[in-house]
Number of protein chains: 2
Amino acid sequence: MASSKRDHLVETALTLFYEQGFHATGIDTILREAGVAKMTLYNHFKSKDELIVAALDLHDARFLEWFAQRVDELADAPRDKLLVMFDVLEEWFNGDAFNGCVFINAAAEYGNCNDPVHEAAARHKRLTFDYIVDMAKQAGSVDPRGLGQQLLLLQEGAIVVAHVLDAPIAARQAKRAAQTLIDQALAG
Amino acid sequence: MASSKRDHLVETALTLFYEQGFHATGIDTILREAGVAKMTLYNHFKSKDELIVAALDLHDARFLEWFAQRVDELADAPRDKLLVMFDVLEEWFNGDAFNGCVFINAAAEYGNCNDPVHEAAARHKRLTFDYIVDMAKQAGSVDPRGLGQQLLLLQEGAIVVAHVLDAPIAARQAKRAAQTLIDQALAG
DNA sequence: AGTGAAATAAACAGATCGGTCTGTTTTTCA
DNA sequence: TGAAAAACAGACCGATCTGTTTATTTCACT
């Protein structure tokens, strides 16, 4: 079990980064919370930034998996899946731990697009986009990328509004807008 | 001219906070850049957080004024203003200094909704919403708040996508979606 | 010209930052 | 069972952090 300590460290780091932010969370805090020695961290990672990227990559895979699974549970028809996406968002917003999107937060703290942390955030959003486009394709859209772009905008907007304005209802507003856009895109 | 030093300090702080983030920008850096003594800062503000709020409030007023003015320059009819909003966004995204929305970034670093910094960010987004609702009302929408919410989602989504994915074109995609939503809302 | 407010420079405080180093203990596996 | 690998505790490093203190200088206004 060579990497169990490493995994636990990344897991703890992810939680703290999400709760408190990246710059605001010190290495020592993570180590104390994880119950791990400092040298263990620096044997697995060259720097705090590498730990951040590892934490983001972990959440990337896991979040998308959770998201797609919930969508599949709530709808069967591809067209319905495009819509229930926003119900899943609402679930997320209403969860206790909701503190915005950790990738948006990461890009906010690491604004330089060439920064590895920013790149990890961009990676996730690209995969999110791919997922939506795939659903749009299955729903029979003639321009799945175009529809996907519009729905992505609504999704990201909902996340931001829900967080900044503390308004989880943004998901439902986004769903209404999505309904209109989907109807228009799949008409005829 | 009692407050010229103070103004210059807030101005410098705003620039640096936007460029580098809030936690990542130290007091000393701001003071050096502004050419101001440390005691001058602490005579005007009780803490760094107060300086942050002052910087955000300054940008709040100024940004909304710039935004509304550009919208007025590009369109006359209220309905057109709802649309050219997204052209103005695109101008902003394509500017050299674009690094996302400083209020979204602030909320990302200060996630707690009761934090004065977060509250300042929320204040700005509420005013942005009010502005859009007002335009929707002038455009003759029967549900200006509903339309305003949807357009706000598109706007915030465009900002996030433009920043995280380094894709200023998000503004144009948002404009297309807005066109559809506006048509639907103002139909009949 | 003189007074009081405002800004200055610079040392200082105490905590924390990311990261390194050493030496010891635990775990893993052949 | 024994050697290599991994994790451990914790001291230590220099730098930086926000904020305070003190004493000096600038400057507007009467």
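The shown structure was predicted, so the numbers you read here are calculated from the model rather than taken from an experiment. (Residues numbered from 1 in each chain as written. Chains lettered and ligands numbered in written order. Predicted model: local features only at pLDDT ≥ 70, side-chain atom pairs only at ≥ 80, totals over all residues. Heavy atoms only, no water.)

Chemist: It is not clear to me how the side chain of Gln150 of chain A should be interpreted in this structure. Could you clarify?
Modeler: Of note, Gln150 of chain A is situated in helix H8 (residues 144-164). Among the residues examined, Gln150 of chain A registers a relative accessible area of 11% and is labelled buried. Once you skip the residues sitting within four places of it in the chain, Gln150 of chain A turns out to touch Leu181 of chain A together with Gln173, Arg176 and Ala177 of chain B. (Helix = DSSP H or I, 4+ residues; strand = E, 2+ residues; numbered from the N terminus. Buried < 20%, exposed > 50% of the residue type's maximum accessible area, 1.4 Å probe, protein only. Contact = heavy atoms within 4.5 Å.)

Chemist: Help me understand empty space enclosed by the protein, please; the structure alone is not making it clear to me.
Modeler: In this approach the atoms are scanned with a rolling probe the size of a water molecule, which exposes any empty space left behind. Residues and elements named next belong to chain B. Applying the stated criterion to the full structure yields four cavities of 30 Å³ or more. Of the pockets and cavities examined, the largest cavity occupies roughly 80 Å³. Around the largest cavity, the lining is made up of 14 residues, and of these Phe63, Trp92, Cys101, His124 and Lys125 lie nearest the centre. Only helix H4 (48-74), helix H6 (102-109), helix H7 (116-138) and helix H8 (144-164) provide two or more residues apiece to the lining of the largest cavity. Of all the elements, H4 adds the most residues to the lining of the largest cavity, at four residues. Of the residues belonging to the lining of the largest cavity, the class tally is eight nonpolar, four polar and two charged. (1 Å grid on protein atoms, 1.4 Å probe; cavity = no way out; pocket = protein on both sides within 12 Å on 5 of 7 lines; lining within 4 Å. Points joined across faces, edges and corners; volume = space filled by probe spheres on them. Nonpolar A, V, L, I, M, F, W, Y, C, P; charged D, E, K, R; others polar.)

Chemist: What's the story with the protein's contact with DNA strand D in this structure? I'm lost.
Modeler: Near DNA strand D there are 17 residues, and of these Thr40 of chain A together with Ile27, Lys38, Met39 and Lys48 of chain B occur at the shortest range. Considering the 4 Å shell around the protein, atoms of DNA strand D inside it are sugar or phosphate in 54% of instances. Here a base oxygen of DNA strand D and a side-chain polar atom of Lys38 of chain B are 2.5 Å apart. Taken together, the elements giving at least two residues each to the surface near DNA strand D come down to helix H3 (38-44) of chain A together with helix H2 (27-34) and helix H3 (38-44) of chain B. In terms of residue class, the surface near DNA strand D is made up of seven nonpolar, six polar and four charged. (Near = heavy atom within 4 Å. Polar contact = N/O pair within 3.5 Å; in protein donor to acceptor, adjacent residues only side chain to side chain.)

Chemist: Explain the environment of Tyr131 of chain B to me, please; I cannot follow it from the model alone.
Modeler: Residues and elements named next belong to chain B. Secondary-structure assignment places Tyr131 in helix H7. Residues Tyr131 and Leu152, spaced 21 residues apart in sequence, show a C-alpha to C-alpha distance of 9.9 Å. If near-sequence neighbours (up to four positions away) are discounted, Tyr131 is found in contact with Phe67, Ala68 and Val71.

Chemist: Would you mind going over the packing of helix H6 (residues 102-109) of chain A against helix H7 (residues 116-138) of chain A with me for this structure?
Modeler: Residue and element names in this part refer to chain A. Put simply, H6 and H7 touch, their axes get as near as 8 Å, and they point 145 degrees apart. The element H6 and its partner H7 pack so that their crossing is left-handed. Touching Phe103, Ile104, Ala106 and Ala107 of H6 are Val117, His118, Ala120, Ala121, His124 and Lys125, all from H7. Of the residues in the contact of H6 with H7, the class split is seven nonpolar, two polar and one charged. (Axes fitted to C-alpha atoms, helices over the stretch in contact; angles between N-to-C directions. Left-handed = near helix turned anticlockwise from the far one by under 90°.)

Chemist: I'm lost on the packing of aromatic side chains in this one. Help?
Modeler: Each aromatic ring pair is described using two quantities: the centre-to-centre distance and the angle formed by the ring planes. Enumeration according to the criterion identifies 20 aromatic pairs over all chains in this entry. By the ring-pair criterion, three or more aromatic residues cluster together here, those being Phe63, Trp66, Phe67, Trp92, Phe93, Phe98 and Tyr131 of chain A. (Phe/Tyr/Trp six-rings, centres within 6.5 Å; stacked < 30°, edge-to-face > 60°.)

Chemist: Where do I start with the side chain of Asp115 of chain B in this structure?
Modeler: Residue and element names in this part refer to chain B. Within the fold, Asp115 resides in the loop between H6 and H7. One buried charged side chain, Asp115, makes no salt bridge at all; its nearest oppositely charged neighbour is Arg123, positioned 9.8 Å away. Reaching out from Asp115, the side chain makes a polar contact with the backbone nitrogen of Val117 at a distance of 2.8 Å. (Lys, Arg positive; Asp, Glu negative; His and termini not counted. Salt bridge = Lys/Arg side-chain N within 4 Å of Asp/Glu carboxyl O.)

Chemist: How do you make sense of the relation of the copies chain B and chain A when you look at a structure like this?
Modeler: Mapping between the two chain copies consists of a rotation about an axis together with a translation along that axis. Laying chain B over chain A is done by rotating through 180 degrees and shifting 0.0 Å along the axis; what remains is an RMSD of 0.0 Å. The relationship between the two copies is best expressed as a two-fold rotation axis. Of the C-alpha atoms belonging to chain B, the one lying closest to the rotation axis is found on Gly157 of chain B, 1.9 Å away. Looking at the interface residues of chain B, 100% of them are also at the interface in chain A, so both copies use one shared face. (Least-squares fit on C-alpha atoms with pLDDT ≥ 70 in both.)

Chemist: How should I be thinking about H7 of chain B in this particular structure?
Modeler: Counted at 1.5 Å a residue, the expected span for H7 of chain B with its 23 residues is 33 Å, and the 33 Å between its end C-alpha atoms agrees. The N-cap of H7 of chain B, judged by a side-chain oxygen 2.8 Å from the amide nitrogen of Val117 of chain B a few residues on, is Asp115 of chain B. (Expected span 1.5 Å × (residues − 1).)

Chemist: Please clarify how the pattern of salt bridges should be interpreted in this entry.
Modeler: Proximity of charged atoms lets side chains of opposite charge pair with each other. Residue and element names in this part refer to chain B. For the structure shown, the criterion picks out 20 salt bridges over all chains. Lys38 serves as the salt-bridge partner of Asp28, at 3.2 Å between the closest nitrogen and oxygen. Within this pair, whereas Asp28 is found in helix H2, its partner Lys38 is found in helix H3, the two being separated by 10 residues in sequence. Using a relative accessible area of 45% as the deciding quantity, one classes Asp28 as partly exposed. According to the relative accessible area criterion, Lys38 is partly exposed, its value standing at 43%.

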